[in-house]
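Spelled out, the chains give:
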Amino acid sequence: MEFRHLRYFLMLAEELHFGRAAQRLSISQPPLSLNIQQLEASVGAQLFTRNSRGVQLTAAGSAFVPAARALLAQASAASREARDVAEGQSGQLQIGFAGTMLYCGLPQILSGFQASHPRLRMELRELSSAEQLSELLRDRLDVGFVHTPRVPPGFEQILVASQPLVACLPANHPLAHEGSLGLAALAGQDLVVVSRTVSPDYNERILQWCEQSGWMPPVVHELRHWLSVVSLVSQGLGVALVPQALQQSALSGAVFVPLREVDVRYDTRCLWRSDRDQTALGDFVQAVQAGLVGKR
C-alpha cells in the first residue's frame, strides 16, 4: 500500500466516477483503475462496486475512508514536522545554564529567540559548570552556559560575559559603606564560597586570592549556588566574593562593594559541540551573538 493508492482511493470515493476522479488527479483512467485494484489487493477486500449505474463504495470501502484520511493526514503532519525541524522551527533545544546567567542577559536572549521560533520547545536545566560539561559530552544538552575556562576539545565557544567579582557583605558590616575594598580588609572573617564540587575553578581561585592578600579565612562555608552564598551573607554569617551581576538579586541584608588592587574576573562561556548538525542550535548561537552585540 502506498500513499498514492490512498489519494486515488479518496478521490474516487468522493467522485464515485472514474472519469471525473482521473481528471481531478490529472491522470488517465487506466492508471486510476490499476491503482484501485492494487489497493484492494493490498487491503484484502473489495472497496468499490462497478456496474452500469456507476461506482459505489462497499461497506468495506466506507469503513476504509476515515482510516485513509487519517493515514494521509499523519503522513502530511510527519513531513511538515520533519521540514520544520530541519529548518529549526520545531523540535526541542536542551539548554543548560548556571544560575548567575539569570542576571547576565539569558532571560532576554531566551525571550527574543522564542518569539522568532514559537513552535520550538526550549527545555532549561540549571546545572553547575561541571554538570553541564558532563551532559554536553553525553549529548544530553545541546548548549550550555558555563563558568570555567576548562573547555574540552571538540567544542565551540563564545565568551558571553566577563565581569568582576565584588565583595558581598552584610548590610550592618563596618565596611559596608566603603567605596571600594582590598581583600586584606576582610582578613579574619568567615568566608562563604561556592562548593569546590560545583565550581572548582572559582572555589580554588577565591581561596588563592585570599591567601595572596595575607588572609586565610578561619571558617569557609561552601554552598551549591551563588544566590545561596549571597543569602547566607545577608544573614550575617560571613562575607563573600561574588560576580557583580548578583547585585541585581536585590536580596535585603546584603551589600556589594567593588574590589581594588586585583583584577578578579568571572567569565561565562556559551558552549556547544562542534559536530552538532542542528539548525535550531545554529539559530540559537546566532541569537546569543546578537545579544552580545546589543550589549556593546
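Residues numbered from 1 in each chain as written. Predicted model: local features only at pLDDT ≥ 70, side-chain atom pairs only at ≥ 80, totals over all residues. Heavy atoms only, no water.

## So, the packing of aromatic side chains
A full pass over the atoms with the stated rule returns six aromatic pairs. Judged by centre distance (6.3 Å) and plane angle (80°), the ring pair of F145 and F284 falls under edge-to-face. Pair noted here: F145 is in strand β5 (residues 143–146) and F284 is in helix α9 (residues 279–295), with a separation of 139 residues, a long-range link. Comparing F145 with F284 shows no difference in burial state: the two are buried. Taking 4.5 Å as the distance between ring centres and 55° as the angle between the ring planes, the aromatic pair formed by Y202 and Y266 counts as tilted. (Phe/Tyr/Trp six-rings, centres within 6.5 Å; stacked < 30°, edge-to-face > 60°. Helix = DSSP H or I, 4+ residues; strand = E, 2+ residues; numbered from the N terminus. Buried < 20%, exposed > 50% of the residue type's maximum accessible area, 1.4 Å probe, protein only.)

## Notes on the packing of helix α1 (residues 3–15) against helix α2 (residues 18–25)
Axis separation between α1 and α2 bottoms out at 8 Å; the angle between their running directions is 130°. In terms of orientation, α1 lies oblique with respect to α2. The interaxial crossing formed by α1 with α2 has right-handed handedness. On the side of α1, the interface is formed by Y8, M11, L12, E14 and E15, while α2 contributes F18, R20, A21, R24 and L25. Taken together, the residues of the contact of α1 with α2 break down into six nonpolar, no polar and four charged. (Axes fitted to C-alpha atoms, helices over the stretch in contact; angles between N-to-C directions. Parallel < 35°, antiparallel > 145°, perpendicular 65-115°, else oblique. Left-handed = near helix turned anticlockwise from the far one by under 90°. Contact = heavy atoms within 4.5 Å. Nonpolar A, V, L, I, M, F, W, Y, C, P; charged D, E, K, R; others polar.)

## Looking at the pairing of strand β9 (residues 239–243)
Of all five residues making up β9, five are buried, and the element is well covered by its neighbours. Relative to β9, strand β6 (residues 155–170) is paired through four bridges, and the arrangement is antiparallel. Its bridge partner lying in β9, L165 is registered against P243. As paired elements, strand β7 (residues 191–194) and β9 share two bridges and run parallel to each other. Residue pairing for β9: L191 is matched across the bridge by V239. (Pairing = 2+ DSSP bridges.)

## What to know about the pattern of salt bridges
One pass over the structure, following the stated rule, counts 13 salt bridges. Its salt-bridge partner being R4, residue E2 comes within 2.7 Å of it at the nearest N-O pair. Note on E2: relative accessible area 41%, which makes it partly exposed. Linking E14 and R24 is a salt bridge whose minimum nitrogen-to-oxygen distance equals 3.0 Å. Taken together, the positions of E14 in helix α1 and R24 in helix α2 put the pair ten residues apart, joining distant regions of the chain. The exposure class assigned to E14 is exposed, which follows from its relative accessible area of 54%. Assessed through its relative accessible area of 44%, R24 is described here as partly exposed. Through salt bridges with shared partners, one network takes in E14, E15, R20 and R24. (Salt bridge = Lys/Arg side-chain N within 4 Å of Asp/Glu carboxyl O.)

None of this, on its own, says anything about what the molecule does.
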